[in-house]
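Analysis of the macromolecular model
Chain residues, written in single-letter form:
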Amino acid sequence: MFPSVDDVSARLAETGYLASRQVATTVFLAARLGKPLLVEGPAGVGKTELAKAVAEVTGSRLVRLQCYEGVDESRALYEWNHAKQLLRISAGRDETWDEARTDIFGEEFLLPRPLLTAIRGAEPKVLLIDETDKADVEMEGLLLEVLSDFQVTVPELGTITATRKPFVVLTSNAGRELSEALRRRCLFLHIGFPEEELERRIVRLKVPGLGEALAESVVRVIGALRAMDLRKVPSVAETIDWARTLLELGADTLDETVVRDSLGVILKHQDDVLKAAAKLDLDSL
Amino acid sequence: MSTPAGVTERLTGLVGALRAHGVRVGTGETVDAARAVEALGLADRELLREGLAATLLHGTGQRAVFDPVFDLYFPRGVGAPDGEPADRGDLRDRLAAALADDDRAALARLAAEAVDGLGGYGSSPESDGWSSYQTLDRLRPQTLLARVRGSVQERDGGVGFADRLLDDEIRRRIEAFRGLVATEARRRVAERRDRDEIARRAVAPTADRVDFLFANRAQLAELRRTVQPLARKLATRLAARRRRAARGTIDLRRTLRGSLSTGGVPLRPVLRRRRPVRPELVLLCDVSGSVSGFSDFTMLLVQALHDQFSKVRVFAFVNRIDEVTALLDHGRADPEGLSARIRSGATLTGWHGSSDYGVALGEFAERYGDAVGPRTTVFVLGDARTNMSDPNLPAVRHIAERARRVHWLNPEQRALWGTGDSAAPVYAELVEMRECRTARQLGDLVAGLLPV
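All figures in this text were calculated on a predicted structure; none of them were measured in a lab.

As a further point, take the overall build of chain B. Scanning chain B from N- to C-terminus turns up 18 helices and 8 strands. For 452 residues, the compact-globule estimate of 2.2 N^0.38 gives 22 Å, and chain B exceeds it by more than 25% at 28 Å. Judged by the C-alpha coordinates and their principal axes, chain B covers about 90 × 65 × 55 Å. Relative to its 452 residues, chain B shows a buried fraction of 49%. Across chain B, contacts joining residues at least 24 apart in sequence account for 73% of those joining residues at least 6 apart. Each charge sign in chain B was given a centre, from 69 positive and 60 negative side chains, and these centres are 10 Å apart.

Next up on the list: the sheet that holds strand E9 (residues 187-190) of chain A. Residues and elements named next belong to chain A. Sheet architecture is open: 5 strands sit in the order E2-E5-E8-E1-E9, paired in parallel fashion. Of all the strands in the sheet, just strand E2 (61-66) and E9 have a single pairing partner and so form its edges. Taken pair by pair, the neighbouring strands of this sheet meet at an average axis angle of 20 degrees, ignoring direction. Bridge analysis of strand E5 (residues 125-130) against strand E8 (residues 167-172) gives 4 bridges, and the strand direction is parallel. What sits directly across from leucine 127, in E8, is valine 168. Helix H2 (residues 21-33) rests against strand E1 (37-40), E8 and E9 of the sheet, and its axis sits at about 165 degrees to E9.

Listed by partner, the interface residues are 38 residues for chain B and 41 residues for chain A. When the area that chain B buries against chain A is broken down by residue, the three leading residues are His58, Phe161 and Arg164 of chain B, summing to 19%. Where chain B packs against chain A, one counts 5 salt bridges. Between arginine 220 of chain A and glutamate 169 of chain B there is a salt bridge; the shortest N-O distance is 3.0 Å. Run the count over chain B and chain A and you get 8 residue pairs in polar contact (both at pLDDT 80 or more).

In terms of nonpolar packing, the biggest core is built from 65 residues, with Leu12, Val27, Leu37, Leu50, Leu225, Trp242 and Leu254 of chain A touching the most fellow members. Sort the elements by how many residues they give to this core and helix H11 (residues 212-227) of chain A lands first, with 8 residues. With 55 residues, the next largest nonpolar core counts Val37, Ala53, Ala96 and Ile174 of chain B among its residues.

When the parts of a complex come together, some accessible area is lost, and that lost area is often used as the size of the interface. Splitting chain B by domain gives domain 1 (7-73), domain 2 (88-193) and domain 3 (217-248 + 277-449). Spacing between the C-alpha centres of domain 1 of chain B and domain 3 of chain B amounts to 39 Å.

Here we come to the sheet that holds strand E5 (residues 321-323) of chain B. Residue and element names in this part refer to chain B. Here we have 6 strands laid out as an open sheet, ordered E5-E4-E3-E6-E7-E8, and mixed in their pairing. Whereas interior strands pair on both sides, the edge strands pair on one side only; in this sheet they are E5 and strand E8 (432-435). Going across the sheet, the axis of each strand differs from the next one's by a mean of 20 degrees, ignoring polarity. Sheet analysis places strand E6 (residues 376-381) next to strand E7 (residues 405-410), joined by 5 bridges and oriented parallel. Its bridge partner being in E7, threonine 377 is matched across the sheet by arginine 405. Against the sheet, helix H13 (residues 292-304) contacts strand E3 (280-286), strand E4 (311-317), E6 and E7, and its axis sits at roughly 165 degrees relative to E3.

A word on the state of the cysteines. Residues and elements named next belong to chain B. Taken as a whole and judged by the stated rule, the model has 0 disulfides over all chains. Cysteine 285 forms no disulfide, and the closest cysteine sulfur to it belongs to cysteine 436, at a distance of 12 Å. Taking relative accessible area as the criterion, cysteine 436 reaches 0% and is therefore assigned buried.

It is worth spelling out the packing of helix H10 (residues 196-206) of chain A against helix H12 (residues 236-249) of chain A at this point. Residue and element names in this part refer to chain A. At a minimum axis distance of 10 Å, the contact between H10 and H12 shows a crossing angle of 50 degrees. The angle between H10 and H12 falls in the class oblique. Relative to H12, the crossing made by H10 is right-handed. In contact with Glu199, Ile202, Val203 and Lys206 of H10, H12 contributes Val236, Thr239, Ile240, Ala243 and Arg244.

Residues and elements named next belong to chain B. Secondary-structure assignment places glycine 418 in the loop between E7 and helix H17 (424-430). Accessibility expressed as a relative area gives 37% for glycine 418, which makes it partly exposed. Between the alpha carbons of glycine 418 and glutamine 228 there is a distance of 34 Å; along the sequence they are 190 residues apart. In contact with glycine 418, not counting residues within four places along its chain, are Ala424 and Pro425.

About the thresholds
Residues numbered from 1 in each chain as written. Chains lettered and ligands numbered in written order. Predicted model: local features only at pLDDT ≥ 70, side-chain atom pairs only at ≥ 80, totals over all residues. Heavy atoms only, no water. Helix = DSSP H or I, 4+ residues; strand = E, 2+ residues; numbered from the N terminus. Rg over C-alpha atoms; globule rule 2.2 N^0.38 Å. Buried < 20%, exposed > 50% of the residue type's maximum accessible area, 1.4 Å probe, protein only. Contact = heavy atoms within 4.5 Å. Lys, Arg positive; Asp, Glu negative; His and termini not counted. Charge placed at Lys NZ, Arg CZ, Asp CG, Glu CD. Pairing = 2+ DSSP bridges. Axes fitted to C-alpha atoms, helices over the stretch in contact; angles between N-to-C directions. Buried area = accessible area lost by both parts, 1.4 Å probe. Salt bridge = Lys/Arg side-chain N within 4 Å of Asp/Glu carboxyl O. Polar contact = N/O pair within 3.5 Å; in protein donor to acceptor, adjacent residues only side chain to side chain. Core = buried A, V, L, I, M, F, W, Y, C linked by side-chain atoms within 4.5 Å. Domains from an automatic or database assignment. Disulfide = S-S within 2.5 Å. Parallel < 35°, antiparallel > 145°, perpendicular 65-115°, else oblique. Left-handed = near helix turned anticlockwise from the far one by under 90°.

Below, the structure is given as structure tokens:
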């Protein structure tokens, strides 16, 4: 898939995803070792974006399974199309039981869900299992089978094995501790907040109109906010939002008024805003 | 496998050290790590570091253990840095320049030179070594702040808004340099002694496995940051326990009543409904110096869990007791200043400043006796060291009789209970006392003990 780590960085950068060394190395290894990639990290650092970017650079189809509380086999794996099966039965009244039975459990009546879709077919795919921590523990058992052997068993059809292993990315916000068994099957990647230099490049890439000096100040202020003990520290997404806001406001340098007026874009709790204002020596809000 | 000779041993040594620190690494992962080494090659050390971390680790907190261990098994260099040992003045000049430029490579080089030049002690082969403490004590990088600020401002002009952040940025860089020195000193020591031994002993464990009683400031700060995620995890676990508890018990009367429509055969079992009672929680915390780290952490954790309970009341004591629930108010959550706030806002000491469980518990039973009722679960947090005064067992008995449950969490290791002025054994006869030395233990205890 990728010849080297630098190749990963370069190709991801072409799609607009600037990867840190750590991210590029892990993606490279995941492709090389053929293991799923478990990505953890705070909200808004680009976990989901990573999967999309990998799909884009490898020319794969992105298959996405969004997890939520109560997601189950019929939403994740496959489901029989009951309505269609009933129609089929009532259409062929004079058939014998054997004919009907072999027919209604055929491909035509199978509704493949993301996990099955990702395994079937010869085209390259990236399987994104988003917010894995939201799913129930039972769901993990299902994932274990799929992720370790890349096969799915449908009782009526037999076992379907992947002809071409998908590149799997699981994301988690650490809302619930994922089971050790699932973690063991994956390469682990923690995407934290980027280094100053990388974040500056991200801002420049996403908000091209922003001046270099202003981008640098923005990143420095965000860095200072992250060092504070806030309830919700600003993430990369907030940095970009803020940069866009500043661009809209027409600011060419940061000053007290601008920061004070736009602090709401980066901080989402009133006590965080107050604390940050005190720390940044802003006049009272 | 075509990894160069010696790398396999290093890798297994690294895995062994990680295991000794409680990171669970299976053989499968070790094999994966070896494959990663093969795929990445040994030319770039940072690539190797990321590759091994990706294959061997399973969680975010483990990285703090992994990095120093990796630095020991795959060091940046061997032996002393090239050239003459530098003198202090010269080192400080170059350090100031590197800090001003935020030049990571130069900082790492300087750390190596500093340890080499300033950190050595002892002369005989058994007792000599390298000390990061001594290096930093002689080099005093923290005193360079003003100088670095000056040179940065001179270079950039220094009028922009972000320049008010400069001091903090430089402090962070200095802090990073201290880390580099510690890493370098460990490496030099490991060259002299047994590497496996150093990796097990000299690398700090992950924050959730540090003894509350011995945690330093940085570790306590790290712990405070884990409060919210831990609380979220515990809340899910509590919710799961509630769900399970709501199932299972059969309501016999309603099942039989329902069975009449099916000819007396109980086809559909009816489960007993649970009255949605949210339990009440009372926390009695010893906040005297010796155990305050433990109490602070637990108070914050319980506060973060407050929506799981109908009522949470927190009392703090040293030798007098006072209610501090209001001080823990969520909106004003300033975890760092918590103990200072408690100290200034509550009356905790009488004539002297050392803790006295007997008097404090007696005062609680007397003044706040009505805080404890049949729905209340009481947690007492403290080491039960009463400074030789009367443990006041009747007061404890009184509380235990009124409350639904009483749990005592003791941050001391069990072997020390009853030694010196500890009244732990006598209290343990009246209420359930459990050892709770680390954040990990606390998490498990809280998940298991909290009422649902």
